[in-house]
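# What the coordinates show
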Amino acid sequence: MKNRFTGCLLGLALGDALGAPFEGMPPGNHIPQCNGFLRYTDDTEMMINLSESILETGDISRQSIAEHFCSSLTPTRGYGPGTLKVLSLIKSGVPIEDATRKVFPDGSLGNGAAMRVAPLGLLYHWNERLLTDAVSRVSTVTHVHPVAIDGAMAIALTVGALLRETVTESLLEYLVARMQTNIMKQKLESISRLLSFDISKEQIIEELGHGVLTHESVPTAIYAFFRFGDDFMETMRFCIGLGGDTDTIAAMAGALTGVYLSDNGLPDECLEKLENYSRIKGLAERLYSLSLSMAG
Ligand code: F2R
Ligand code: MG
Ligand code: MG
């Protein structure tokens with residue numbers, strides 16, 4: 001179980017770092033490279049800051065999470081412009097609830113809540129009510145749009161379910177039943193059909209998307225996991241070959257593949273090049289201990 005916690009967070013960071021050089025590119029034969037330093041982006045930085053807040057407080061404190069997001073923010077890691085603005089408003093004293101609606105009145109539809117949420121699926125895998133409550137509280141520090149919350153819910157629930165049981169197609173039905181928005185329900189519902197035949201990259205982009213919006217990236221990452229998740233690098237090649245939001249789709253699919261395969265299923269030659277490998281592994285191990293003590 002501990003190796004699956006580390007597999008999840010390292011898989012997320014590795015996916016992010018492997019996908020980062022291709023973010024924003026059109027689809028193509030992009031090959032993820034492990035032959036140089038693997039620097040991660042905002043996806044992993046936010047996952048680390050969330051994990052550190054939880055481990056510091058032993059709880060989900062929105063104020064502490066917001067402070068960690070603000071104080072440990074590296075501007076050169078390619079943050080979404082809306083999230084940067086929200087965090088700068090919070091830092092200047094604007095209450096979280098007001099800041100999150102200043103850029104987009106209905107809240108951000110970006111995938112910034114989903115990309116960082118995997119630690120909550122690990123921590124609360126043993127209690128769905130605590131898990132969904134935590135996802136909602138953590139997402140809305142920056143993302144209050146119901147679609148963005150649904151996307152975070154889909155990733156965290158999948159992580160939790162993969163820790164509890166073996167993968168079957170009924171996992172997709174389980175996810176669909178928990179979505180609050182029609183667009184996420186429809187997209188996740190279509191995955192079973194798309195998995196039933198050989199389909200091109202272009203068709204996947206057409207049907208599921210490859211963009212920065214939650215409903216154009218979370219279903220794609222979940223599809224990638226179901227199609228290729230027994231091989232980490234195959235999953236990465238697929239996600240990155242789609243172009244678009246490559247770092248984030250690979251990060252989310254990497255977290256799912258990592259929890260499924262455990263850290264033994266991740267390539268050593270890439271892990272040894274990953275920025276802050278030991279720190280991320282240490283966070284996963286401490287989340288494992290916290291989860292055990294919470295579950296009693
Ligand atoms: N920001 C990026 N990549 C661009 C530049 C990276 C480049 N390589 C570099 O290094 O400079 N990536 C990161 O952002 C995504 C997560 O975004 P998040 O945190 O959700 O931010 P934001 O700004 O809230 O949303 C992203 C964009 O989505 C559109 N959008 C959101 N809500 C909307 C709404 N209600 N209506 C219309 N559009 C909406 C806007 O264009 C937002 O800016 C990840 O990819 C991460 O890697
Ligand atoms: Mg990023
Ligand atoms: Mg991205």
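The present account deals with the structure reproduced in this document.

Cut-offs and rules
- Residues numbered from 1 in each chain as written.
- Chains lettered and ligands numbered in written order.
- Predicted model: local features only at pLDDT ≥ 70, side-chain atom pairs only at ≥ 80, totals over all residues.
- Heavy atoms only, no water.
- Near = heavy atom within 4 Å.
- Polar contact = N/O pair within 3.5 Å; in protein donor to acceptor, adjacent residues only side chain to side chain.
- Areas by Shrake-Rupley, 256 points an atom, 1.4 Å probe, with all protein chains shown as cover.
- Nonpolar A, V, L, I, M, F, W, Y, C, P; charged D, E, K, R; others polar.
- Helix = DSSP H or I, 4+ residues; strand = E, 2+ residues; numbered from the N terminus.
- Buried < 20%, exposed > 50% of the residue type's maximum accessible area, 1.4 Å probe, protein only.
- Axes fitted to C-alpha atoms, helices over the stretch in contact; angles between N-to-C directions.
- Contact = heavy atoms within 4.5 Å.
- Donors = N, O, S within 2.8 Å, 3.2 Å for Na, K, Ca; no water.
- Tetrahedral: all angles 85-135°; square planar, octahedral: opposite > 155°, others 65-115°.
- Phe/Tyr/Trp six-rings, centres within 6.5 Å; stacked < 30°, edge-to-face > 60°.
- Expected span 1.5 Å × (residues − 1).
- Arc of directions from axis to C-beta.

Time to look at the site of ligand 1. Around ligand 1, the surrounding shell holds 23 residues, and the nearest of these are Gly82, Thr83, Ser108, His143 and Asp245. Between an oxygen atom of ligand 1 and a side-chain N or O atom of Thr83, the distance comes to 2.6 Å. Within the side chain of Asp245, one N or O atom sits 2.6 Å away from an oxygen atom of ligand 1. When isolated, ligand 1 has an accessible area of 920 Å², and the protein chains bury 67% of it. Grouping the constituent residues of the shell around ligand 1 by class yields seven nonpolar, eleven polar and five charged.

Further remarks concern the environment of Ser170. Structurally, the position occupied by Ser170 is in helix H9 (residues 170–178). Classification of Ser170 as partly exposed rests on a relative accessible area of 40%.

In helix packing, the relevant descriptors are the interaxial angle and the interaxial distance, both defined with respect to the helix axes. With their axes 9 Å apart at the nearest point, helix H8 (residues 146–164) and helix H10 (residues 182–195) run at an angle of 40 degrees to one another. Every residue of H10 that contacts H8 at Val147, Asp150, Gly151 and Ala154 is listed here: Ile183, Met184 and Leu188. Here the contact of H8 with H10 is built from residues that sort into five nonpolar, one polar and one charged.

Time to look at the coordination of the magnesium ion (ligand 2). Six octahedral donors around a metal ideally make angles of 90 or 180 degrees; four tetrahedral donors ideally make 109.5 degrees. Thr41 (OG1), Asp42 (OD), Asp43 (OD) and Asp247 (OD) make up the full set of protein donors to the magnesium ion (ligand 2), lying at 2.0 to 2.3 Å. Donor residues binding the magnesium ion (ligand 2) come from one chain and are separated in sequence as T-D-D-x203-D. Separating the magnesium ion (ligand 2) from the magnesium ion (ligand 3) is a distance of 3.6 Å, and Asp247 supplies a donor atom to each of them. Of the two residues, Asp42 sits in helix H2 (residues 42–57) while Asp247 sits in helix H14 (residues 246–261), which places them 205 residues apart along the sequence.

Attention now goes to the coordination of the magnesium ion (ligand 3). Distances from the magnesium ion (ligand 3) to its protein donors, Glu23 (OE), Asp245 (OD), Asp247 (OD) and Thr248 (OG1), fall at 2.0 to 2.4 Å. Angles of 78 to 179 degrees at the metal separate the six donor atoms of the magnesium ion (ligand 3), which places the site in the octahedral class. Look at where the donors of the magnesium ion (ligand 3) fall in the sequence and you get E-x221-D-x1-D-T.

For the rest of this paragraph, the subject is the packing of aromatic side chains. Taken as a whole, this structure holds six aromatic pairs when the rule is applied. Considering the side-chain rings of Phe5 and Tyr288, the 5.3 Å spacing of their centres and the 75 degrees angle between planes classify their relative orientation as edge-to-face. Of this pair, Phe5 sits in helix H1 (residues 2–19) while Tyr288 sits in helix H16 (residues 277–295); the two residues are 283 residues apart in sequence, bridging distant segments of the chain. Between the aromatic rings of Tyr223 and Phe238, the centroid separation amounts to 5.8 Å while the plane-to-plane angle is 50 degrees, which identifies the pairing as tilted. Pair noted here: Tyr223 is in helix H12 (residues 218–228) and Phe238 is in helix H13 (residues 232–241), with a separation of 15 residues, a long-range link. One aromatic cluster is present, built from ring pairs that chain together Tyr223, Phe228 and Phe238.

Another aspect to go through is helix H7 (residues 128–139). Taking 1.5 Å of rise per residue, the twelve residues of H7 would be expected to cover 16 Å, and the 16 Å separating its terminal C-alpha atoms lies within 8% of that figure. Leu131, Ala134, Val135, Val138 and Ser139 are the residues of H7 that are buried. Axial view of H7: buried residues confined to an arc of 120 degrees, hence all on one face. Those residues of H7 that are buried are in contact with H2, helix H3 (62–71), helix H6 (118–123) and H8. For H7, the capping residue at the N-terminal end is Asn127, with a side-chain oxygen 3.0 Å from the backbone nitrogen of Arg129.

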